[in-house]
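# Notes for the structure review
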Amino acid sequence: MDDAKHVHIAEMAHIFAASDEGPRAKAELTEAERGLYENIILLCANCHRVVDKIPDKYPDGLIRIWKLEHAGRINAAFGIKKFKNRPELRIEIERLLGENKEVHEMIGPDLDYRSNPEAPEADMWKARVRSTIIPNSNLMIRILDANVDLLDDCEKKVVAKFKMHVRGLILRHIEGWDQVNIMFPKEIESIGV
């Protein structure tokens, strides 16, 4: 293969069409609703073309079942479970947050080496962001998404901020962007309390 870093073969397909003229159109949806995550599924280019060319054979209900089944397989593969109540959810979130907090307190960028990016601690911090903090944070996001029905509206907003923070960590520590990230939303520490 050539110099391409990432090759994406998936395409974002609308369950209900992006316009009133498209396949499985639903006129009562607003433009914003048509672009929501709930109305998008990833398909290969061939499947995307087929489901849009023969929409009667592939109704929205079937496509939504595909999406739910796929999410279930991914969650099962990563050990993501649906909790019965907020205290169960809280225990798992606390465990992951606790590990991340421990790493941050031991070698985080708020320590004395902050003014010296060449310090060995800076390299240790970058490595632990990649090996611990980002994976734990992504796991928290998947758990919170799978259990969104246990969250109140304020907590859902906190989760959205947390997602932006984690995306910033990925951009900086994995993709090499040199940009300022939004601060860690401290409110995430009280999710499920």
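Here we summarise the structure given alongside this text. All of these numbers come straight from a predicted model, not from anything done at the bench.

In terms of helices and strands, the protein chain carries 6 helices and 2 strands. Listed by position from the N terminus, the elements making up the protein chain come as β-α-β-α-α-α-α-α. In terms of overall dimensions, the protein chain has a C-alpha envelope of 65 × 50 × 30 Å along the principal axes. Every one of the 193 residues in the protein chain was classed for burial, and the buried ones make up 32%. Long-range pairs, those at least 24 residues apart, make up 63% of the contacts in the protein chain between residues at least 6 apart in sequence. Of the roughly 13,000 Å² of accessible surface on the protein chain, a fraction of 58% belongs to carbon and sulfur atoms. Across the protein chain, 29 positive and 33 negative side-chain charges occur, with their mean positions spaced 3 Å apart.

Take the packing of aromatic side chains next. In the structure shown here, the tally under the stated rule is 2 aromatic pairs. Ring centres of Phe162 and Phe184 lie 6.2 Å apart, and the angle between their planes is 85°; this geometry places the pair in the edge-to-face category. Remark: Phe184 occurs in the segment after α6 (153-173) and Phe162 occurs in helix α6; sequence separation between them is 22 residues. Since its relative accessible area comes to 1%, Phe162 is described here as buried. The class of Phe184 is partly exposed, set by a relative accessible area of 28%.

Criteria and thresholds
- Position numbers for residues count from 1 along each chain, tracking the sequence in the order it is written.
- Reporting in this predicted model follows two pLDDT cut-offs: at least 70 for local features of residues, and 80 or more for side-chain atom pairs to be given and counted; totals over whole chains, interfaces and linings ignore these cut-offs and use all residues.
- Each side-chain value is worked out from all heavy atoms of the structure, with water and hydrogens disregarded.
- Numbering of helices and strands runs from the N terminus, with a helix taken as a DSSP run of H or I at least four residues long and a strand as a DSSP run of E at least two residues long.
- Throughout, exposure labels follow a simple rule: accessible area from a 1.4 Å probe, protein chains only, divided by the maximum for the residue type, with under 20% read as buried, over 50% as exposed, and the rest as partly exposed.
- Any pair of residues with heavy atoms lying within 4.5 Å of one another is described as a contacting pair.
- We get accessible surface area from the Shrake-Rupley algorithm with a probe of 1.4 Å; when it comes to residues, only the shown protein chains can shield them.
- Lys and Arg are tallied as positive, Asp and Glu as negative. Neither His nor the chain termini are counted.
- Throughout, a charge is located at the NZ atom of Lys, the CZ atom of Arg, the CG atom of Asp or the CD atom of Glu.
- Geometry of aromatic contacts follows a simple scheme: Phe, Tyr and Trp rings, the Trp one being its six-membered ring, pair when their centres are within 6.5 Å, and the pair is stacked under 30 degrees between planes, edge-to-face over 60, tilted otherwise.

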